[in-house]
Amino acid sequence: DYLETRPTNALNKDQLASNVENYGTYINGINLLMVYQQGAFGQGYCGMFNLLNFHGNLCGNDLSYEYFGNASPLTNMKYTSNDQAAWSSYSWWFLYQIIGQANRILASIDDAQGDNDLRDFYKAQALTYRAYCYQYLVQIFSKRWMDSNNGSSEGVILKLDDSNETGAVSSLAECYAQIYKDCDDAIALYNQSGMDASNFYEPSLALAIGVKARAALCREDWETAATYAAMISDSYDLMSATEFQSGFHTANNEWIFGGYGDENENMWYYTFGSYYGYNGYYSGAGGYSLVGNRELVDALADEDARKQLFLAESLIGANLQEYAQGGMMARYLSPAPGTPAYNNMMSYMMSVPGVYANLRSTGYAPALPAFYGQLKFGVFGLPGIHHSVYMRAAEMYLTQAEALCKQATPDYATAQDLLYAVNSRVDPTYQKSTKTGQELIDEILFYRRAELWGEGHDWFDLKRTGASISRKGYANGGAGSFGALYAVTVGPNDNGTNDWTWVIPMSETQYNDAM
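For every chain, the first residue of the written sequence is number 1, and numbering continues from 1 onward in sequence order. Since the coordinates come from a predicted model, pLDDT governs what is reported: local features require at least 70, and pairs of side-chain atoms require 80 or more to be given and counted, while whole-chain, interface and lining totals use all residues. Side-chain calculation: all heavy atoms of the structure are included, whereas hydrogens and water are not.

S.K.: Hey, could you run me through the overall build of the chain in this one?
M.R.: Counting its regular elements, the chain contains 22 helices and 10 strands. Computed over the C-alpha atoms, the radius of gyration of the chain is 23 Å, within 12% of the 24 Å expected from 2.2 N^0.38 for a compact globule of 515 residues. Based on the C-alpha atoms only, the size of the chain along its principal axes is roughly 75 × 60 × 45 Å. Within the chain, the fraction of its 515 residues that count as buried is 59%. If the 31 positive side-chain charges of the chain are averaged to one point and the 56 negative ones to another, these points end up 4 Å apart. Strands here are runs of E lasting at least two residues and helices are runs of H or I lasting at least four, both read from the DSSP assignment and numbered beginning at the N terminus. The quantity called the radius of gyration is restricted to C-alpha atoms. Its globule counterpart is 2.2 Å times the number of residues to the power 0.38. Burial classes: relative accessible area under 20% of the type maximum marks a residue as buried, over 50% as exposed, and values in between as partly exposed (1.4 Å probe, protein chains only). Charged residues are defined here as Lys and Arg on the positive side and Asp and Glu on the negative side; His and the ends of the chain fall outside this count. Throughout, a charge is located at the NZ atom of Lys, the CZ atom of Arg, the CG atom of Asp or the CD atom of Glu.

Here it is in structure tokens:
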């Protein structure tokens, strides 16, 4: 029919429901959308990488990347009230895109023809995706729980059907209730179906459990957070020190959820690996280094496998201030080629087996390695081919430990055991903590920073705990590793920061009659 305007690759509800296996293909499309380039916002807007990079990493305390130039209005919380900022507009649009696709599945799958177990399984995956995205939306666009008047402050728009109707903003408490419900329903359906994901980039039973633990931690529902995180810590082993130093580019048994990448599904110069990988394109061709927080790195033992993934002064035998004040830097924190520090850095990288193997695999090495440059994230193909980790078991160990310390009847002994499990497998010198109370909580939060560095947790943890951004510079003998524009202190409720709550983008408010 020449009047038919539906795209030939689009399925209506009846067509989708004609065979339950169609939903598996649909879910796989959402998996791709999680890492896909959305060109309407710009070439670098590639799903979860963009969200975790801009919000989770760059706005936090512990990571600096000079390639982005003057991004200080973003990282210093100056754009939170800007309803036209691309960073927040993209996150809103992207997360609701995933939610919309999940809702399309949920709107018709109960009528799907075929195997009942498959139906339950795909429905569970759609619910998991919806909960996963709503959890990020409330973290970015709503107040932290402690400032929410027990959840009565504004949350986000709870879109639970596949219509094009606009909706009003729900309360934060209502949003968390929906996240809990989606996770609970998903968990029941996974168990009822007897099926689970076979690939790390698919929603799974463990992801639904992990999302509920994350939500409960943000909601300060400590008992629930501890209970659900324990379901992961009781069933998932942690990666070894050798695995920790292997590049974080290929999934292993600790990964719960992540993004897929290979030479056939390659975002070229706009992936996490292209930007950040120490053996990726921008490090090798552009000489740009991703740098860790000097204070954080130096507080770790030299024997700690996590510290060994940074070009720290104590590991390379060179003094940052000697080079910074002596005019021996080529750029930023990168010593000039041919200097002793530069040579020591190149030698050090060759001495770490996992790092050396990755450098050989791509033939790319940092052209201008930097003091405190990272060696955690590598790639297995150029310009930046890799898998990305969005959730892994160590997060759940640390979530359980923190929640156990904060619940009505603290269990410090179990929290100490969990922290020891995380630290002892990468640091042979770590002694089991004997701390309790706030001292133990502070230790858990410190090692959470070290363990999950660069994985997109930093700013989210600062926001939920009401902590400050506190970055120190290296100029004029400073103890930090940040440039002057980024060496700032920003409190959780400072004027001009909107309590770190990004406003809903104008692209939504202009067209939503219910707001």
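Now, onward.
S.K.: Looking at this structure, how should I read the nonpolar core?
M.R.: Nonpolar side chains tend to gather and get buried jointly when the protein is soluble and globular. Remark: nonpolar core denotes a set of buried residues (Ala, Val, Leu, Ile, Met, Phe, Trp, Tyr, Cys) joined through side-chain atoms within 4.5 Å. Ranked by size, the top nonpolar core spans 164 residues in total, and within it Y132 and F371 carry the most contacts. The contact rule is simple, with two residues in contact once any of their heavy atoms fall within 4.5 Å. Other than its neighbours up to four places away in sequence, Y132 contacts M34, M48, L207, V211, R214, F257 and Y390.

S.K.: I keep staring at unusual backbone geometry and nothing clicks. Help me out?
M.R.: It is generally the case that most residues other than glycine have a negative phi and that most peptide bonds are trans. At the junction of L382 and P383, the peptide bond is cis and its omega measures out at 5 degrees in the coordinates. By the element assignment, P383 lies in the loop between α17 (353–362) and β8 (388–392). Despite not being glycine, M77 shows a phi value in the positive range, around 65 degrees. Take M77: it is sitting in the loop between α4 (72–75) and α5 (86–108). In this structure, F248 is a non-glycine residue whose phi angle is positive, near 50 degrees.

S.K.: Would you mind going over the packing of helix α18 (residues 393–406) against helix α19 (residues 412–424) with me for this structure?
M.R.: Packed helix pairs are specified by the crossing angle of their axes together with the interaxial distance, meaning the distance between the axes. Two numbers describe how α18 lies on α19: the axes approach to 8 Å, and their chain directions differ by 155 degrees. Between α18 and α19, the angle is such that the two are roughly antiparallel. Read as a crossing pair, α18 and α19 show a hand that is left-handed. In contact with Y397, L398, Q400, A401, L404 and C405 of α18, α19 contributes Y412, T414, A415, L418, L419, A421 and V422. For this scheme, ten residues count as nonpolar: Ala, Val, Leu, Ile, Met, Phe, Trp, Tyr, Cys and Pro. Four count as charged, namely Asp, Glu, Lys and Arg, and the remainder, Gly too, count as polar. Residues belonging to the contact of α18 with α19 are distributed by class as follows: 11 nonpolar, 2 polar and no charged. Under this scheme, a helix contributes an axis fitted over its contacting stretch, all axes are lines through C-alpha atoms, and angles between N-to-C directions fall in the 0 to 180 degree range. Oblique is the label for any angle not covered by the other classes, which are roughly parallel (under 35 degrees), roughly antiparallel (over 145) and roughly perpendicular (65 to 115). Take the far helix as your reference; a near helix turned counterclockwise from it by less than a right angle gives a left-handed crossing, and one turned clockwise gives a right-handed crossing.

S.K.: What exactly am I supposed to notice about the pairing of β8 here?
M.R.: Within β8, 5 of the 5 residues are buried, which leaves the element mostly enclosed by the surrounding structure. Pairing between strands is defined by DSSP: at least two bridges between the two strands are required. Two elements, strand β4 (residues 255–259) and β8, share 4 bridges in a ladder whose sense is antiparallel. By the bridge assignment, G259 is partnered in β8 with S388.

S.K.: Can you help me understand the pattern of salt bridges in this one?
M.R.: Pairing of side chains with opposite charge becomes possible as their charged atoms draw close. Salt bridge criterion: a side-chain nitrogen from Lys or Arg within 4 Å of a carboxyl oxygen from Asp or Glu. A full pass over the atoms with the stated rule returns 27 salt bridges. Measuring nitrogen to oxygen at the nearest pair gives 3.4 Å for the salt bridge that ties D161 to K159. A salt bridge links K435 to E443; the shortest N-O distance between them is 3.9 Å. By relative accessible area, which is 37% here, K435 ends up partly exposed. You can call E443 buried: its relative accessible area is 10%. Because the salt bridges share partners, they merge into one network encompassing E254, D304, R306, K376, R392, R425, E451 and E455.

S.K.: Please explain helix α3 (residues 48–58) as it appears in this structure.
M.R.: Helical geometry: 3.6 residues make up each α-helical turn, so side chains three or four residues apart lie on a common side. Taking burial as the measure, the 11 residues of α3 include 11 buried ones, the bulk of the element. Listing the buried residues of α3 in full gives M48, F49, N50, L51, L52, N53, F54, H55, G56, N57 and L58.

S.K.: Is there a simple way to explain the environment of W93 in this structure?
M.R.: Residue placement: W93 occurs in helix α5. Exposure remark for W93: the relative accessible area of 31% places this residue in the partly exposed category. Placed 415 residues apart in sequence, W93 and E508 show a C-alpha to C-alpha distance of 8.8 Å. Those residues in contact with W93 that lie beyond four places of it in its chain are Q38 and F41.

S.K.: Is there a simple way to explain the side chain of Q135 in this structure?
M.R.: Among the structural elements, Q135 can be located in helix α6 (residues 116–141). Setting aside residues up to four positions removed in sequence, Q135 forms contacts with Y176, I179, V211, R214, A215 and C218.

S.K.: It is not clear to me how the packing of aromatic side chains should be interpreted in this structure. Could you clarify?
M.R.: Centre-to-centre distance and the angle between the planes together describe a pair of aromatic rings. Only Phe, Tyr and Trp rings take part, Trp by its six-membered ring, and two of them pair if their centres are within 6.5 Å. Stacked means planes under 30 degrees apart, edge-to-face means over 60, and tilted covers everything else. Under the defined criterion, the tally for this structure stands at 40 aromatic pairs. Where F49 meets F272, the ring centres are 5.9 Å apart and the plane angle is 90 degrees; that geometry is what we call edge-to-face. One end of the pair, F49, is in helix α3; the other, F272, is in helix α11 (residues 272–276), with 223 residues separating them in the sequence. The same class applies to F49 and to F272, which are both buried. Geometrically, the ring pair formed by Y79 and W87 is tilted, given 5.2 Å between the ring centres and 35 degrees between the ring planes. We classify W87 as buried; its relative accessible area is 18%. Here the basic side chain of R331 rests over the ring of Y288, its NZ or CZ set 4.5 Å away from the ring centre. Whether a charge sits over a ring comes down to the Lys NZ or Arg CZ being within 6 Å of the ring centre and within 35 degrees of the ring normal. Across the ring face of F482, the terminal group of R471 is positioned such that the distance to the ring centre comes to 5.9 Å.

Function cannot be inferred from these measures alone, as they are strictly geometric.
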